[in-house]
Structure formats: structure tokens, C-alpha cells
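# Observations on the three-dimensional arrangement
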There are 2 protein chains.
Amino acid sequence: MKIKFVTSNKGKFDEFNRIAKEYGIKIEWVRLEYLEPQGDSLEFVAKKSVEMLAESLDPPFFIEDSGLFIKALKGFPGVYSSYVFKTIGNEGILKLMKDVEDREAKFVCVIAYNDGDVHVFKGEVIGRIAHEMRGDFGFGYDPIFEYNGRTFAEMGEEKNLISHRRRAADEFFSWLAKNF
Amino acid sequence: MKIKFVTSNKGKFDEFNRIAKEYGIKIEWVRLEYLEPQGDSLEFVAKKSVEMLAESLDPPFFIEDSGLFIKALKGFPGVYSSYVFKTIGNEGILKLMKDVEDREAKFVCVIAYNDGDVHVFKGEVIGRIAHEMRGDFGFGYDPIFEYNGRTFAEMGEEKNLISHRRRAADEFFSWLAKNF
């Protein structure tokens, strides 16, 4: 069983590849930037992306998209998390959250798989926005996302066992192992 | 001479319609939500949008897209200005700009016109981010965008004579009057 994973990010491919192996699934890296539509939810964006991608790539293949959704900021930075990280970064998020009491946030990962039909899988972790950056592990918003008292960046490899990405990948690969 | 303007926003249609008349151009309102890609610049997003739109709509037609680009925030909120407005709003921008000395910002408007080929027109206004919201006119970021000492929301109809949207529309309609 071999399916394509379309991403321009080597780190992402490596992480999924490790998990896929646990399920006896081989994934092939298709290193490609693809067009993502704008939209209100990760599900919409991922679903449309694999539909459009099928015009130039033969199924089966999948993509992954993630975001940080902060409750007190109406879901910001959400679908545009990576753009927001590149511009205002963790410093900006901490500034926006200054003096905000409700610090609930979730990391969401969505996988869209195209095998002729489109299937969407989702993983979430609920945590809170820390009051300052802590930890050196990981990337992106990991230093400000707290789960059970520690930030993702303080958790080291342990993060990869409970992350939104891990949860979505487990959903997807266990479904795939039964349905391929 | 009659061309289609694709937008789901009546206010936008009315504003362009007024300007088009000055050039003797008739525009027809096509009320439609269309797919916009994600991207790093308004030009890219608008260009791709009218290319994709041509799959379901016959040229000639045009669309418009605008954004606020704040220098000290690396261009944020930029391409995603309307999403950012719906989530963190003017309050969020003011919070991000608290204690920031360099307050330079620009409003940019891009028009993409598809007549078989794609043509892009652009208008810009350079101003600064105010320290607080002022004025009741207009919409969106108008109350925090200062131009020559007054915010767009304090300028009333005068804003429509010097705005980024006015400048892009003038570029476009004067080109069109010569080239149609």
C-alpha cells in the first residue's frame, strides 16, 4: 500500500512517515506547492485544495493543514496561522492576549485524502495560551501553547504522542488500514 | 461599453459604478461569491481569482481586492485584512501597535480585469495608524487609518476622492476608455 503525501515541508513529511510506518503504510513524498483557497475553516480549505490538485495529480494522495484557534480572539489566527506567524509571530499573539482572562485555545489538524472521493480527518488538542514563551522544542506556536501546565515547546518528543497532528494521523491511517 | 463587476458587496458595486459613469462606462453587477486563493500579495490573489473565475463566467469582467499593510507588522494584516477585521478588529490592531513608534501603513486596492488576457491595476494611499479610533464615516479600518492628520472615518465623502480604491478605479477606467 503506497499513497502520496503532497507537501513542500520535509519536517511534516518525516513526521507523517514515522506514524504511517506503525500502520504498515508507505507514503511517498510529492514535494509540491499547491494552491489553497481562502476560507472560513481548515476543512473547507483542505477539501477544496485536494479537489483542485486532482486536476494535475493522480489520486490517491493526501495533504495536511493545521492552525491555532484562540477562543477569546474569535478563532484568530485560525486558517491563516502560518501567515500570522510569519508577520506578527508569537510576540504579536502574546500582545493581543495581554490582560485577556479567557486563554483557551486549540490546535487543529485536518487531513484531506483524495482517492477519487474526498475524505477529511481531523485531530484537535485543547490547551491555553501561556503568558510568555517557554521551551525550545518544536516550531511555530509551540512555545506559547500550554497543555497540562507545560508548553508544547517544553514537552520534547512527548508532544508528538498527543499532538493534533498525531491525532489526525491516527484517525486517517487507521481508517486507511481498514479501507485501502 | 458594458463590463461585469463580480462582487457580493453592494456598497463596493455602488462605489465603482459612480466612478465608471464619469468615464462613460457601464458596469453590470454580477452578485457572486468566488474562490480566492491564499497568497503573499493582493496582485497574486486577484490575478489567480479571475483566471479561475473564467472557467464559469465569460469575459470581460473584473474583481477588486483591498488590504491594509502595516510596515512595523511586516505587512500584516495585508492579504487577509478582512479576516483579521472580523476576528481581532480595530481593537486588535491598536493593541498590536501599542508602544510601536513607526506607524506607517498603506491601503492598497487591486483590480484584476479579464478580457481573455488578465490585466492588473493598483492604487495605494500611504498614511499612518492612529493611536485610537476616530470618526464615523466609512467602514473597516477607516477609523484607525490617518491621512494628513485625519482618519478616513473623519474625512467623509472626501475620502472617496483620494482613496486607494478611487486611485485603482481611475487607473482601470482610464485604461479601459482607451482600450475597449
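Residues numbered from 1 in each chain as written. Chains lettered and ligands numbered in written order. Predicted model: local features only at pLDDT ≥ 70, side-chain atom pairs only at ≥ 80, totals over all residues.

## Topic: the nonpolar core
Formed by 96 residues in total, the largest nonpolar core has its most connected members in I111 of chain A together with I111 of chain B. The contact partners of I111 of chain B, leaving out residues within four places of it in the chain, are F62, E64, F121, A168 and F172 of chain B. (Core = buried A, V, L, I, M, F, W, Y, C linked by C-beta atoms within 7 Å. Buried ≥ 20, exposed ≤ 12 C-beta atoms within 10 Å, placed from the backbone. Contact = placed C-beta atoms within 7 Å.)

## Let's talk about the relation of the copies chain A and chain B
The relation between the two chain copies is a rotation about an axis coupled with a shift along that axis. The two copies are related by a screw motion: chain A maps onto chain B through a turn of 180° and a shift of 0.0 Å along the axis, at an RMSD of 0.0 Å. As the rotation angle and translation indicate, the two copies are arranged about a two-fold axis. Within chain A, P37 of chain A has its C-alpha nearest the rotation axis, a separation of 2.0 Å. The residues that chain A uses at the interface reappear at the interface of chain B in 100% of cases, marking a shared surface. (Least-squares fit on C-alpha atoms with pLDDT ≥ 70 in both.)

## Re the pairing of strand 2 (residues 26–30) of chain A
Where strand 1 (residues 2–6) of chain A lies against strand 2 of chain A, 5 bridges are found, and the strand directions are parallel. Residue V6 of chain A lies in a different strand from strand 2 of chain A, and its bridge partner there is V30 of chain A. (Pairing = 2+ DSSP bridges. Helix = DSSP H or I, 4+ residues; strand = E, 2+ residues; numbered from the N terminus.)

## Digging into the environment of T87 of chain B
Along the chain, T87 of chain B turns up in helix 3 (residues 81–87). Sequence separation between T87 of chain B and G135 of chain B is 48 residues; the distance between their C-alpha atoms is 21 Å. Residue contacts for T87 of chain B: discarding those within four places in its chain leaves L73, K74, G75 and F76 of chain A.

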